[in-house]
Amino acid sequence: MTEAWLSETRSSYDTDAPGYAEKVRGLLDEMPFLRASLSLFAERVRDAGDGPVADVGCGPGYVTGHLHDAGLDAFGIDLSPEMVAIARRDYPHLRFDVGTMTDLDLADDSVAGIVAFWSVIHVPDHAVPGVFEEFRRVLRPEGLVLIGFHVGDEARRRTEGYTGRPVNVESYRRRPDKITGWLRDAGFTIDAELVIRPDDEVPGAVVFARTADPPTT
Ligand SMILES: C[S@@+](CC[C@H](N)C(=O)[O-])C[C@H]1O[C@@H](n2cnc3c(N)ncnc32)[C@H](O)[C@@H]1O
């Protein structure tokens, strides 16, 4: 049975997909630290031997497009069919699938990297360990992860979408050590964490992790 939070998140993003896509259009142009993080991630995937990269919770697909432009074999997965429709429309040369990060329709050891930008923010605490175990399962050895999220301690329920339509979606702000703790528990090694504009009311953060043990030299 689908859990209520998954159904609510899906239907909220289905309702709000055009508004969200409009809000984030061109966003990466204004986000040098995110662009740099994606470039570094792309470089590290190539250094680790390249391979498919899943943009999980891809929304309208602009991060997937950016990863593709950076030379990666990137594809997107999103819970919301309406988001996937927009991504397919705007990036017709790329692959986008409807799916959930709680149960990825991907084989074990099949991807070289996973980017999850501001999508795990909708997963409640009790379900995050299972999501990171899914990431671990589908990543091959030397697989890389890049997670982006809002920093804080609160949960926030949004009831109005970007075009004023009713939605019902919860977002969870988290301290980086909470995210890195869950990643370690799922078998990841943490490579780096970056808090972006830490003095903002709600800073952003990215965490780089990988499936392998740290090099001994
Ligand atoms: C805030 S948007 C982020 C979209 C995009 N990654 C970005 O950075 O703009 C969150 C996205 O995560 C998707 N999402 C939420 N829960 C998900 C899940 N369990 N599996 C896959 N996608 C999910 C939503 O449908 C939505 O498109």
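We now turn to the structure provided with this report.

Quick notes on the rules
- Residues numbered from 1 in each chain as written.
- Predicted model: local features only at pLDDT ≥ 70, side-chain atom pairs only at ≥ 80, totals over all residues.
- Heavy atoms only, no water.
- Phe/Tyr/Trp six-rings, centres within 6.5 Å; stacked < 30°, edge-to-face > 60°.
- Buried < 20%, exposed > 50% of the residue type's maximum accessible area, 1.4 Å probe, protein only.
- Helix = DSSP H or I, 4+ residues; strand = E, 2+ residues; numbered from the N terminus.
- Lys NZ or Arg CZ within 6 Å of the ring centre and 35° of its normal.

**With respect to the packing of aromatic side chains**
Here's step 1: A complete count under the given rule lists 5 aromatic pairs for this structure.
Here's step 2: Ring geometry for Tyr13 against Tyr20: centres 5.9 Å apart, planes inclined by 85°, an arrangement best described as edge-to-face. The two residues Tyr13 and Tyr20 agree in class, both being buried.
Here's step 3: Ring geometry for Tyr20 against Tyr162: centres 6.0 Å apart, planes inclined by 55°, an arrangement best described as tilted. Taken together, the residues span a long stretch of sequence, with Tyr20 in helix α1 (residues 4-24) and Tyr162 in the loop between β6 (155-160) and β7 (166-172) at a distance of 142 residues.
Here's step 4: Judged by relative accessible area, Tyr162 falls into the partly exposed class, the value being 38%.
Here's step 5: Following the ring pairs from residue to residue traces out a cluster consisting of Tyr13, Tyr20 and Tyr162.
Here's step 6: Across from the ring centre of Phe75, 4.2 Å away, lies the NZ or CZ of Arg95, which sits over that ring.

These figures capture arrangement, not role.
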